[in-house]
Amino acid sequence: MLGRLNSLIQFRHSPSFSSKVLRRQQFFGTKTLCFVGQDQMSSTLEADAESVLRLVTPSLDLKRHKGQAGKIAVIGGCREYTGAPYFAAISALKIGADLSHVFCTKDAAPVIKSYSPELIVHPLLEESYTVSNFSEEERRKLQEKVVGEVDKWIERFDCLVIGPGLGRDPFLLECVSKIMLLARKFNLPFVVDGDGLFLVTNSIDLVNSYPLAVLTPNVNEYKRLVLKVLNCEVDEENPEDQLRSLAKVLGGVTILKKGRSDLISNGEIVKSVSIYGSPRRCGGQGDILSGSVAVFLSWAQQLISGHESLSENPAILGCIAASGLLRKAASLAFTKHKRSTLTSDIIACLGESLEGICPAS
Ligand SMILES: NC(=O)C1=CN([C@@H]2O[C@H](COP(=O)(O)OP(=O)(O)OC[C@H]3O[C@@H](n4cnc5c(N)ncnc54)[C@H](O)[C@@H]3O)[C@@H](O)[C@H]2O)[C@@H](O)CC1
Ligand SMILES: Nc1ncnc2c1ncn2[C@@H]1O[C@H](COP(=O)(O)OP(=O)(O)OP(=O)(O)O)[C@@H](O)[C@H]1O
Ligand SMILES: [Mg+2]
């Protein structure tokens, strides 16, 4: 098992890697040639995402009880955004998690519940308009109440996804900061995405030196993070080295930088996932990714905790698996729906895509 795992994470030099590179060169042209050259120079090579998916996905076993395949909670959903937390939470279930919760504002809860009876939705978070006439003391009490409610549940979860559709309301973000500290107290892994990254970029201490934090920035979110932490612009020539530095300066958090190729680093190794996905860039694909990372990270953690000798980072495995599956599903959905492909079409393809890589029986 140890040898197999290490060989998946270590650098790939297989003939199939070369043929994939060739296919990508044909598709993307000279830019890919440049990318491959940098890969080789900096020892950053494409991860074997399909093998990682096969490795971390647990087999379906009649002896297992509800909850053992993962309990995920999404902290997100406000007046403006109800789609994002739904996409993240339902993706977790579609991949194979047993339970998926959403902690959102009171306005967002009935809407999210109406999308799916599968989700457990908690109308808990409060925005500034609720407290506009409150004294400081009343605000503090309300925050304590919100965090206290989350505290009742938190030990049951395997991973949190913080930020899809959270919005940027200051009072709400203050509460979420406290929820992040609570998660750290319980050593609970969390994936930070969307507006969670807005929060973290302005309060780096929330994730600093927490190895169980995974950040999944898109292009904008990455720019803001680099500017804040490294005090410079994004380095398009040397993305792998800059990503490694960023993760290192943040004390070993794992960062999945989304883009044409997804790049993943924990400050030590850098991996990329470039499996062909889809040319559609409809909103919500990052939300699928954040929910998926949470599930695969939990599964990787289970796998590794059963094998003391394994030193691999479950967050890296989770990111590779999630990125690979999302891209496969996006590609399949695009084959079926072409220009009209939407995020819900990609979610509908998650099961079929995973089944193609690691069949249920
Ligand atoms: N159907 C839905 O409900 C969806 C909701 N989404 C949510 O939408 C929210 C925003 O995500 P995006 O990917 O659009 O975020 P981005 O940060 O990529 O872009 C949002 C917009 O805000 C602008 N912006 C940049 N910096 C800003 C700042 N400091 N303050 C205010 N605005 C700034 C950007 O120029 C951009 O136009 C997140 O909570 C995300 O999860 C998305 O996930 C897409 C789908
Ligand atoms: N240029 C691209 N080419 C191919 N795939 C891409 C490209 N950009 C993003 N992706 C894929 O889409 C996924 C989501 O990335 P994206 O940048 O759209 O996230 P996002 O902006 O956070 O999405 P959301 O709308 O959910 O907030 C990435 O993991 C990646 O696999
Ligand atoms: Mg996003």
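Residues numbered from 1 in each chain as written. Chains lettered and ligands numbered in written order. Predicted model: local features only at pLDDT ≥ 70, side-chain atom pairs only at ≥ 80, totals over all residues. Heavy atoms only, no water.

Caption draft 1: Focus on the overall build of the chain. Per the secondary structure count, the chain includes 15 helices and 10 strands. Considering the chain as a whole, with its 361 residues, one finds that 56% of them fall into the buried category. Look at the contacts in the chain between residues 6 or more apart in sequence, and 70% of them connect residues 24 or more apart. Within the structure as shown, the chain displays about 16000 Å² of accessible surface, and the carbon and sulfur contribution to it stands at 53%. (Helix = DSSP H or I, 4+ residues; strand = E, 2+ residues; numbered from the N terminus. Buried < 20%, exposed > 50% of the residue type's maximum accessible area, 1.4 Å probe, protein only. Contact = heavy atoms within 4.5 Å. Areas by Shrake-Rupley, 256 points an atom, 1.4 Å probe, with all protein chains shown as cover.)

Caption draft 2: Spotlight on the site of ligand 1. If you check the shell around ligand 1, you find 17 residues, and the closest are Gly165, Arg168, Asp195, Arg224 and Asp287. At 2.9 Å from an oxygen atom of ligand 1 is found a side-chain nitrogen or oxygen belonging to Asn220. For ligand 1, the accessible surface in isolation is 840 Å², of which the surrounding protein chains cover 56%. In a pocket analysis with a 2 Å cut-off to the grid points, ligand 1 is assigned to the largest pocket. Of all elements in the fold, only helix H5 (83-95), helix H9 (195-202) and helix H10 (219-230) reach the threshold of two or more residues within the shell around ligand 1. Per-element accounting of the shell around ligand 1 gives the leading share, 3 residues, to H5. Residue composition of the shell around ligand 1, by class: 6 nonpolar, 7 polar and 4 charged. (Near = heavy atom within 4 Å. Polar contact = N/O pair within 3.5 Å; in protein donor to acceptor, adjacent residues only side chain to side chain. 1 Å grid on protein atoms, 1.4 Å probe; cavity = no way out; pocket = protein on both sides within 12 Å on 5 of 7 lines; lining within 4 Å. Sits in = over half its atoms within 2 Å of the grid points. Nonpolar A, V, L, I, M, F, W, Y, C, P; charged D, E, K, R; others polar.)

Caption draft 3: Local environment of the pairing of strand E3 (residues 99-105). Here E3 lies mainly inside the structure; 6 of its 7 residues are buried. Bridging between strand E2 (residues 71-75) and E3 involves 5 bridges; their strand directions are parallel. From the neighbouring strand, Ile72 faces E3, where its bridge partner is Ser100. Read as a crossover between parallel neighbours, the route from E2 over H5 to E3 is right-handed. Where E3 meets strand E4 (residues 120-125), 5 bridges bridge the pair, whose relative direction is parallel. Bridge assignment links Val102 to a residue of E4, and that residue is Val121. In terms of handedness, the path from E3 via helix H6 (residues 108-115) over to E4 forms a crossover that is right-handed. (Pairing = 2+ DSSP bridges. Right-handed = clockwise from strand over helix to strand, strands pointing away.)

Caption draft 4: Region of interest: the site of ligand 2. Near ligand 2 there are 14 residues, and of these Asn218, Lys258, Asp262, Gly284 and Gly286 occur at the shortest range. One nitrogen or oxygen atom from the side chain of Asp262 is found 2.9 Å from an oxygen atom belonging to ligand 2. Here ligand 2 has 620 Å² of accessible area as a free molecule, and 78% of this is covered by the chains. Because more than half of its atoms lie within 2 Å of the grid, ligand 2 is assigned to the largest pocket. Of all elements in the fold, only helix H12 (285-305) and helix H13 (314-337) reach the threshold of two or more residues within the shell around ligand 2. Among the elements that make up the shell around ligand 2, the one with the highest residue count is H12 (4 residues). Residue composition of the shell around ligand 2, grouped by class: 2 nonpolar, 6 polar and 6 charged.

Caption draft 5: Spatial organisation of the sheet that holds E2. What the 10 strands build is an open sheet, ordered E1-E10-E9-E8-E7-E6-E5-E2-E3-E4; its pairing is mixed. Every other strand in the sheet has two partners, leaving strand E1 (45-46) and E4 as the edge strands with one partner each. In the packing of helix H7 (residues 136-154) onto the sheet, the strands contacted are E3, E4 and strand E5 (159-162), and the crossing angle to E4 comes to about 150 degrees. In this fold H12 packs onto E2, E5, strand E6 (190-192), strand E7 (213-215) and strand E8 (254-257), with an angle of close to 165 degrees to the strand it touches most, E5. (Axes fitted to C-alpha atoms, helices over the stretch in contact; angles between N-to-C directions.)

Caption draft 6: Region of the structure containing the confidence of the model for the chain. Taken as a whole, the chain shows an average pLDDT of 89; of its residues, 88% reach a score of 70 or greater. Across residues 6-42, where pLDDT falls below 50, the model places 50 contacts with residues more than four positions away in sequence or in other chains. (pLDDT = per-residue confidence, 0-100.)

Caption draft 7: Here's a closer look at the nonpolar core. By size, the foremost hydrophobic cluster in this structure holds 64 residues, and its most contacted members are Val56, Ile72, Ile95, Leu119, Val293, Phe296 and Ile320. Looking at this core, the element that brings in the most residues is H13, giving 12 residues. Listed in part, the 50 residues of the second largest apolar core include Val146, Leu160, Val207 and Ala247. (Core = buried A, V, L, I, M, F, W, Y, C linked by side-chain atoms within 4.5 Å.)

Caption draft 8: View of the UniProt feature "binding site: (6S)-NADPHX" (unreviewed entry) in the chain. In the UniProt entry, the feature "binding site: (6S)-NADPHX" (unreviewed entry) is given for Gly165, Asn218, Val219, Asn220, Glu221, Tyr222, Lys223, Arg224 and Asp287. Lining of the largest pocket among the annotated residues: Gly165, Asn218, Val219, Asn220, Glu221, Arg224 and Asp287. Mapped onto the elements, Asn218 comes out in the loop between E7 and H10. A relative accessible area of 29% places Asn218 in the partly exposed class. Engagement of the side chain of Asn218 in a polar contact is seen with the backbone nitrogen of Asn220, the distance being 3.1 Å. On the basis of relative accessible area, Asp287 is assigned to the buried category, the value being 12%. (UniProt positions renumbered as here; feature names shortened; annotations may be inferred.)

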